Amino acid sequence: MNLTLDAYAHRDSPLHRWEPRCKLVALLVLLFAFAFVRDLRLLPAMLLVTAGLYAASRLPAALLLSRLRYPGMFLLLFALLVPLLVGSTILLKIGPLALYREGLLFLLLVATRFGAILTVSIVLFGTMPFLTSVRALRALGLPEILADMTLLAYRYLHELGRDLRMMQTAMRLRGFQGRAFSPRNLRMPAALVGSLLVRSYARSERVYQAMILRGYGHESACCASTLVPVTRPDLMALVGTLLVATGFVVGDVLLRTGALV
Amino acid sequence: MHLPDGILPVTVCAAGYATGGALTWYALRKINRQANPRARVPQAALLTAAFFVASWIHIPVPPTSVHLILNGLLGVLLGYYAVPAILIGLFFQAVMFQHGGLTTLGVNATMMGLPALLAYVLFRLRFLFGRESRAGTGLAGFLGGAGGLALAVLIFYGLLVTTIPATLDIRMERAAITALALAHIPVVLLEGVFTALVVLFLQRVRPDLLDGASGWTPPVPVAAPDPSLPGIRGADEPHA
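Residues numbered from 1 in each chain as written. Chains lettered and ligands numbered in written order. Predicted model: local features only at pLDDT ≥ 70, side-chain atom pairs only at ≥ 80, totals over all residues. Heavy atoms only, no water.

What to know about the overall build of chain B
Inference 1: Along chain B, the regular secondary structure elements total nine helices and two strands.
Inference 2: Scanning chain B from its N terminus toward the C terminus, one meets helices and strands in the order α-α-β-β-α-α-α-α-α-α-α.
Inference 3: In chain B, buried positions account for 57% of the 240 residues.
Inference 4: Taking all contacts inside chain B whose residues are at least 6 apart in sequence as the whole, residues at least 24 apart take part in 75%.
Inference 5: In the structure as shown, chain B presents an accessible area of about 9800 Å², 68% of it carried by carbon and sulfur atoms. (Helix = DSSP H or I, 4+ residues; strand = E, 2+ residues; numbered from the N terminus. Buried < 20%, exposed > 50% of the residue type's maximum accessible area, 1.4 Å probe, protein only. Contact = heavy atoms within 4.5 Å. Areas by Shrake-Rupley, 256 points an atom, 1.4 Å probe, with all protein chains shown as cover.)

Laid out in structure tokens, this is it:
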């Protein structure tokens, strides 16, 4: 399992240099504008904006492909069912199967929106270190408890993942196979999950004490001050992205109400 | 069990953020009212990480295997901290595996977080049987695990049914969705049994973990640092 988000966070590109708070606001608004689109005629523009952003981020294409593989399976299931089940206008009929126009168009809309939103979110969180993302979110008003929990959970994901793999290896070395469904094969994984919880709980007690020793709970330097100041190009990029997002929303409303033909 | 980006209309995503935000606000308010809200942050964070990796464990159900959702168990063990824990877990899944999504984060957090709180309430039924009763703890664990997942499944399919675009064949799709929801009954039962087994394991090994969600105190009494001592960070600056 690859749990790292920071593999490409230290490259150099306009998106890497964009101030994190501006980038978060701009790209999150863009994501929602994409989710708003229901008119098929806006899809080429959506793809164009997404491709432009990805190219500007200078992230490798292999990253996008590897990230799209897993959610792609879900989409494939959707693609196999919807065009055959949904709609009234038959495009093609093979034996008992019929391919419907409405289903196909709905699939096209969903798949494009899905791909565009995923790609932009990869650009958003792939072009800055995770710590910076959380700091920027905190500066934008994320509650402190949430920010602390996020960072700590991220810090210990890898270690607990390693603990789990180690315990699973130990189980296999002692002859546990667990391929059939039986009460025992349910009890053993339950004990595994229980042990993992006990381990993480015991570890958290030590972590908490270490944190208190380092002054946790006493307000120190505010996180906002560790972020770089916002410059004019950052703001211009923010305004530009917000305008593009507004364009998608307004364009969709106009196209669907028929004001724009 | 997560709704991905791009499928739901944006109104549902926005409503999801509203309900998810309200739920998180409510949970954080409850947390902040505790005597020392930060004391449980490391515990809750590490258990969040533990639940995240525990969801990779597959249970053999021939001919295939299923992975567990564990949102009921999360509610049972973490109480109100389960809501931020689920939000963070879903956020990690969205940014690391593109599982779920950022626009549907609110919807998914509500779908999993609300049932986790229900599981927390259901698990407290064990006090009717007495803290030491194994049968009572097992039964309450089953109810928490099964109830937590059952409510999540109901919300999931409820959302799918109500957001089907009007031009599509609603009758057929509803039938398909109902069939899928019914197919989840064995998974709900399995989740309940599994939660009961984990809870019984913890009762044997670390019973204090089960009491964690209710009336929690730090495991080892650790005094907060005295700000008047030299060398404590922040001691010299005035703060609010």
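Considerations on the overall build of chain A
Inference 1: Broken down by element type, chain A carries nine helices and two strands.
Inference 2: Starting at the N terminus, the α and β elements of chain A follow one another as α-α-α-α-β-β-α-α-α-α-α.
Inference 3: Its C-alpha atoms give chain A a radius of gyration of 24 Å, more than 25% over the compact-globule value 18 Å for 261 residues.
Inference 4: Across its three principal axes, chain A shows a C-alpha extent of roughly 65 × 60 × 30 Å.
Inference 5: Looking at chain A residue by residue over its 261 residues, the buried ones come to 46%.
Inference 6: Put simply, of all contacts in chain A between residues at least 6 apart along the chain, 75% involve residues at least 24 apart.
Inference 7: Carbon together with sulfur atoms contributes 66% to the accessible area of chain A, which is approximately 13300 Å² in total.
Inference 8: In chain A, which carries 28 positive and 13 negative side-chain charges, the distance between the mean positions of the two groups comes to 10 Å. (Rg over C-alpha atoms; globule rule 2.2 N^0.38 Å. Lys, Arg positive; Asp, Glu negative; His and termini not counted. Charge placed at Lys NZ, Arg CZ, Asp CG, Glu CD.)

A few points about the interface of chain A and chain B
Inference 1: Chain A puts 79 residues into the contact, and the matching count from chain B is 77 residues.
Inference 2: Between chain A and chain B, roughly 7200 Å² of surface is buried when both sides are summed, and carbon and sulfur atoms account for 79% of that area.
Inference 3: Our count for the contact surface shared by chain A and chain B stands at two salt bridges.
Inference 4: Ionic pairing is found between A:Glu205 and B:Arg206, a salt bridge with its closest N-O pair at 3.1 Å.
Inference 5: Applying the counting criterion to the chain A and chain B interface returns three residue pairs in polar contact (both at pLDDT 80 or more).
Inference 6: Of all elements in the fold, only α2 (20–36), α4 (61–85), α5 (101–126), α7 (144–173) and α8 (183–213) of chain A reach the threshold of two or more residues within the side of chain A that touches chain B.
Inference 7: Considering every element that reaches the side of chain A that touches chain B, the biggest residue donor is α8(A), with 23 residues.
Inference 8: Split into classes, the residues belonging to the side of chain A that touches chain B amount to 51 nonpolar, 16 polar and 12 charged. (Buried area = accessible area lost by both parts, 1.4 Å probe. Salt bridge = Lys/Arg side-chain N within 4 Å of Asp/Glu carboxyl O. Polar contact = N/O pair within 3.5 Å; in protein donor to acceptor, adjacent residues only side chain to side chain. Nonpolar A, V, L, I, M, F, W, Y, C, P; charged D, E, K, R; others polar.)

Some words on the packing of helix α3 (residues 71–78) of chain B against helix α8 (residues 185–205) of chain B
Residues and elements named next belong to chain B.
Inference 1: Direction vectors running N to C along α3 and α8 enclose 35°, while the axes themselves pass 9 Å from each other. Here the hand of the crossing between α3 and α8 comes out right-handed. Residues Asn71, Leu73, Val76 and Leu77 of α3 form the contact with α8, whose participating residues are Glu191, Thr195, Val198, Val199 and Leu202.
Inference 2: Considered class by class, the residues forming the contact of α3 with α8 number six nonpolar, two polar and one charged. (Axes fitted to C-alpha atoms, helices over the stretch in contact; angles between N-to-C directions. Left-handed = near helix turned anticlockwise from the far one by under 90°.)

Some words on a nonpolar patch on the surface
Inference 1: A surface patch of nonpolar side chains, about 1100 Å² in accessible area, is lined by A:Leu76, A:Leu77, A:Leu80, A:Leu81, A:Leu84, A:Leu85, A:Leu91, A:Leu92, A:Ile94, A:Leu97, A:Leu104 and B:Met172.
Inference 2: Going through the elements one at a time, α4 and β1 (90–94) of chain A are the ones with two or more residues in the nonpolar patch.
Inference 3: The element that contributes the greatest number of residues to the nonpolar patch is α4(A), accounting for six residues.
Inference 4: Along the polypeptide, A:Leu104 turns up in helix α5.
Inference 5: Take A:Leu104: its relative accessible area is 35%, and that puts it in the partly exposed class. (Patch = residues over 30% accessible without salt bridge, like charges linked within 9 Å, V, L, I, M, F, W, Y side chains within 5 Å.)

Details of unusual backbone geometry
Inference 1: You will see that A:Arg58, though not glycine, has its phi angle at about 55°, which is positive.
Inference 2: Residue B:Gln98 is not a glycine yet carries a positive backbone phi of 55°.
Inference 3: Relative to the assigned elements, B:Gln98 resides in the loop between α4 (82–97) and α5 (105–123).

As for empty space enclosed by the protein
Residues and elements named next belong to chain A.
Inference 1: Summed over all chains, the structure comprises two cavities of 30 Å³ or more.
Inference 2: Lining the largest cavity are 12 residues, and of these Leu5, Leu63, Arg67, Phe125 and Gly126 lie nearest its centre.
Inference 3: Those elements that provide at least two residues to the lining of the largest cavity are α4 and α5.
Inference 4: Residue contributions to the lining of the largest cavity peak at four residues, all from α5.
Inference 5: When grouped by side-chain class, the residues that make up the lining of the largest cavity number seven nonpolar, four polar and one charged. (1 Å grid on protein atoms, 1.4 Å probe; cavity = no way out; pocket = protein on both sides within 12 Å on 5 of 7 lines; lining within 4 Å. Points joined across faces, edges and corners; volume = space filled by probe spheres on them.)

Examining a positive patch on the surface
Inference 1: The grouping of A:Arg184, A:Arg187, B:Arg134 and B:Arg204 at the surface amounts to a positive patch.
Inference 2: With respect to the helices and strands, A:Arg184 occurs in helix α8.

Some remarks on the nonpolar core
Inference 1: Judged by nonpolar contacts, the single largest core of 135 residues is most densely connected at A:Leu27, A:Met149, A:Leu197, B:Leu73, B:Phe92, B:Phe194 and B:Leu202.
Inference 2: It is α7(A) that contributes the most residues to this core, 13 residues altogether.
Inference 3: Excluding its chain neighbours within four sequence positions, the residues that come into contact with A:Met149 are B:Val41, B:Ala44, B:Ala45, B:Thr48, B:Tyr81, B:Pro84, B:Ala85 and B:Ile88.
Inference 4: Residues A:Leu75, A:Phe78, A:Val82 and A:Leu118 belong to the second largest nonpolar core, which totals nine residues. (Core = buried A, V, L, I, M, F, W, Y, C linked by side-chain atoms within 4.5 Å.)

Some points on the pattern of salt bridges
Residues and elements named next belong to chain A.
Inference 1: Scanning the entire structure with this criterion turns up 12 salt bridges over all chains.
Inference 2: Ionic pairing is found between Arg256 and Asp252, a salt bridge with its closest N-O pair at 3.1 Å. A residue pair is termed a helical-turn pair when its members lie 3 or 4 positions apart in one helix, as Arg256 and Asp252 do in helix α9 (residues 232–257) at four residues.
Inference 3: On the basis of relative accessibility, which here comes to 38%, the residue Arg256 falls in the partly exposed class.

So, the packing of aromatic side chains
Aromatic ring pairs are described here by two measures, namely the spacing of the ring centres and the angle between the planes.
Inference 1: Under the counting rule described, the total for this entry stands at 14 aromatic pairs over all chains.
Inference 2: Arranged with centres 5.5 Å apart and planes meeting at 70°, the rings of A:Phe32 and B:Tyr17 form a pair that is edge-to-face. Residue A:Phe32 is located in helix α2, and its partner B:Tyr17 is located in helix α1 (residues 10–32); the two belong to separate chains.
Inference 3: Aromatic side chains B:Tyr80 and B:Tyr120 sit 5.7 Å apart centroid to centroid with 65° between the ring planes, which places their arrangement in the edge-to-face category. Placement of B:Tyr80 in the loop between α3 and α4 and of B:Tyr120 in helix α5 is noted, with a sequence separation of 40 residues between them.
Inference 4: Through a chain of ring-to-ring contacts, three or more aromatic side chains come together here, namely A:Phe125, A:Phe130, A:Tyr154, B:Phe52, B:Trp56, B:Phe91, B:Phe92 and B:Phe97. (Phe/Tyr/Trp six-rings, centres within 6.5 Å; stacked < 30°, edge-to-face > 60°.)

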